[in-house]
Amino acid sequence: MKKIRPAQTIILKSPREIEKLRAVNQIVATVLHELRGYIEPGISTGELDRIADGRLRFYGAGAAFKGYHGYPATACISINNEVVHGIPSNNRILNEGDLVSIDLGAVREGYFGDAAISLLVCDGPDVAKKLLEVTSSALVSGIAEASAGANLGDISSAIQRFVESKGFSVVRKFVGHGIGRALHEPPEVPNYGKRGCGPVLKPGMVLAIEPMVNAGGYDVQILDDGWTVVTADGSISAHFEHTVAITQHGPDILSELK
Ligand code: MF3
Ligand code: CO
């Protein structure tokens, strides 16, 4: 997710470019799926990051986040009250009941992929299970609005309404984004907004839609490491992300494992 910047022209992708984006996003999806199998009490987030890096390379992709504005790792791994941009570390060990969010970006042949999943280490508290279900369903409800002729605000509003109807809150300070030959392109894709507002969606637009949902209030803080975003009230947070192409036939989820 990126920080807020002024709107610019949205770059449309050709069908050939969308297939390039599908290829790299399928690698992201495959590696995220593989990482699920390593999530267990006792593993460090540093170890998970090394696995992610090795698997991306195995599939012929590079790490998109490493070096981006100085980010030091392949994945962002954020636990419990951490919202996004958690830096993997050998000293950070997963415990049973932790809510873990893994955000992974890749680049191949100049095209970028970006997706995120959240999951529990073994079993966890009911509120964490509900937060996971609400956040992943919020992403689905946002994607359902991602059709040609709709407004960008229809996506944002669907996500916000769904989340708030369940008693949780959407993070305001970080947003989704266009994606293509850069990790972050216009437009910003907020997880809050008004139906009927914002640019009209057109075939060839590719958006990374990524609700960040807090169990408590929406406010966040950044830790002294300059990266880790945490909830201001200490509540737990979840994050799901897909890269989605707008087509004549509706949303095409490029990062959904085929
Ligand atoms: N997936 C995030 C995003 O969508 C992570 C980028 S921050 C980075 O923008 F610096 F780690 F790359
Ligand atoms: Co993103």
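What counts and how
Residue positions are given per chain, counted from 1 along the sequence in the order it is written. The lettering of chains begins at A and the numbering of ligands begins at 1, in the order of writing. Since the coordinates come from a predicted model, pLDDT governs what is reported: local features require at least 70, and pairs of side-chain atoms require 80 or more to be given and counted, while whole-chain, interface and lining totals use all residues. Side-chain figures throughout are based on the complete set of non-hydrogen atoms in the structure, without hydrogens or water. Here, nonpolar core refers to any group of buried Ala, Val, Leu, Ile, Met, Phe, Trp, Tyr and Cys residues whose side-chain atoms link them within 4.5 Å. With a 1.4 Å probe rolled over the protein chains alone, any residue whose accessible area is under 20% of its type maximum counts as buried; one over 50% counts as exposed, and the rest are partly exposed. Numbering of helices and strands runs from the N terminus, with a helix taken as a DSSP run of H or I at least four residues long and a strand as a DSSP run of E at least two residues long. Whether two residues touch is decided by their heavy atoms; if any such pair falls within 4.5 Å, the residues are in contact. Expected helix span is given by 1.5 Å per residue-to-residue step, counting one fewer step than there are residues. Donor selection uses N, O and S atoms within 2.8 Å of the metal (3.2 Å for Na, K and Ca). Since no water is included, sites may look incomplete. A pair of strands is considered paired only if DSSP assigns at least 2 bridges between the two. The axes are straight lines fitted to the C-alpha atoms, using for helices just the contacting stretch, and the angles between their N-to-C directions are given from 0 to 180°. In this scheme, a crossing is called left-handed if the near helix is turned counterclockwise away from the far one by less than a right angle; it is called right-handed if the turn is clockwise. Each residue gets one label: Ala, Val, Leu, Ile, Met, Phe, Trp, Tyr, Cys and Pro are nonpolar, Asp, Glu, Lys and Arg are charged, and the others, such as Gly, are polar. Between 30 and 60 degrees the pair is tilted, below 30 it is stacked and above 60 it is edge-to-face, where a pair is any two Phe, Tyr or Trp rings, Trp via its six-membered ring, whose centres lie within 6.5 Å. Each ring is checked for a lysine NZ or an arginine CZ that lies within 6 Å of its centre and within 35 degrees of its normal; such an atom marks a charge sitting over the ring.

1. Section: the nonpolar core
1) Next: Counting 71 residues, the largest nonpolar core has Ile102, Ile155 and Ile209 as the members making the most contacts within it.
2) Next: The element best represented in this core is helix H1 (residues 15-36), accounting for eight residues.
3) Next: In this structure Ile102 touches Leu32, Leu35, Ile39, Ala75, Cys76, Ile77, Ala115, Ala116 and Ile117, once residues within four positions along its chain are discounted.
4) Next: Listed in part, the seven residues of the second largest apolar core include Val83, Val171, Phe174 and Val229.

2. A closer look at helix H2 (residues 45-58)
1) Next: Between the first and last C-alpha of H2 there are 20 Å, a value that for 14 residues agrees with the 20 Å anticipated at 1.5 Å per step.
2) Next: Within H2, burial applies to Thr45, Gly46, Leu48, Asp49, Ile51, Ala52, Asp53 and Leu56.
3) Next: Backbone geometry just downstream of H2 places Gly60 in the positive-phi region, at approximately 85°.

3. Notes on the coordination of the cobalt ion (ligand 2)
1) Next: The coordination sphere of the cobalt ion (ligand 2), as far as protein atoms go, consists of Asp114 (OD), His177 (NE2), Glu210 (OE) and Glu241 (OE), spread over 2.1 to 2.3 Å.
2) Next: Considered as a linear motif, the donors of the cobalt ion (ligand 2) on their single chain read D-x62-H-x32-E-x30-E. With Asp114 in strand E5 (residues 111-120) and Glu241 in the loop between strand E13 (237-239) and strand E14 (242-247), this residue pair connects regions lying 127 residues apart in the sequence. Across the pair, exposure class does not vary: Asp114 and Glu241 are buried alike.

4. Focus: the sheet that holds strand E12 (residues 229-231)
1) Next: Within the open sheet, the three strands sit side by side as E3-E12-E11. Their pairing is antiparallel. Two strands close off the open sheet at either side, each with one partner strand: strand E3 (82-84) and strand E11 (220-222). Along the sheet, successive strands turn relative to each other by an average axial angle of 40°, direction set aside.
2) Next: Relative to E12, E3 is paired through two bridges, and the arrangement is antiparallel. Paired with Val84 across the bridge in E12 is Val229.

5. Some remarks on the sheet that holds strand E6 (residues 169-170)
Pairing between the strands of a sheet comes from backbone hydrogen bonds, and it takes one of two forms, parallel or antiparallel.
1) Next: Pairing within the open sheet is antiparallel, and its three strands lie in the order E6-E10-E13. This sheet does not close on itself; its edge strands, each paired only once, are E6 and E13.
2) Next: Of the strand pairs in this sheet, strand E10 (residues 212-214) and E13 are connected by three bridges, and their pairing is antiparallel. By the bridge assignment, Val213 is partnered in E13 with Ala238.

6. A word on the packing of H1 against H2
1) Next: Orientation of H1 relative to H2, taken along the N-to-C sense of each, is 145°, at an axis distance of 10 Å. In the packing of H1 onto H2, the handedness of the crossing is right-handed. Side by side, H1 and H2 meet where Ile27, Val31, Glu34 and Leu35 of the first sit next to Leu48, Ile51, Ala52, Arg55 and Leu56 of the second.
2) Next: In the contact of H1 with H2, the residues fall into seven nonpolar, no polar and two charged.

7. Things to note about the packing of aromatic side chains
1) Next: A full pass over the atoms with the stated rule returns two aromatic pairs.
2) Next: For the ring pair Phe58 and Tyr59, a centre distance of 5.0 Å and an interplane angle of 80° mean the geometry is edge-to-face.
3) Next: The exposure class of Phe58 is exposed, given its relative accessible area of 56%.
4) Next: The lysine or arginine in question, Arg172, covers the ring of Tyr192, its NZ or CZ lying 5.4 Å from the ring centre.
5) Next: A cation over an aromatic ring shows up here: Arg181 above the ring of Tyr111, its NZ or CZ 4.8 Å from the ring centre.

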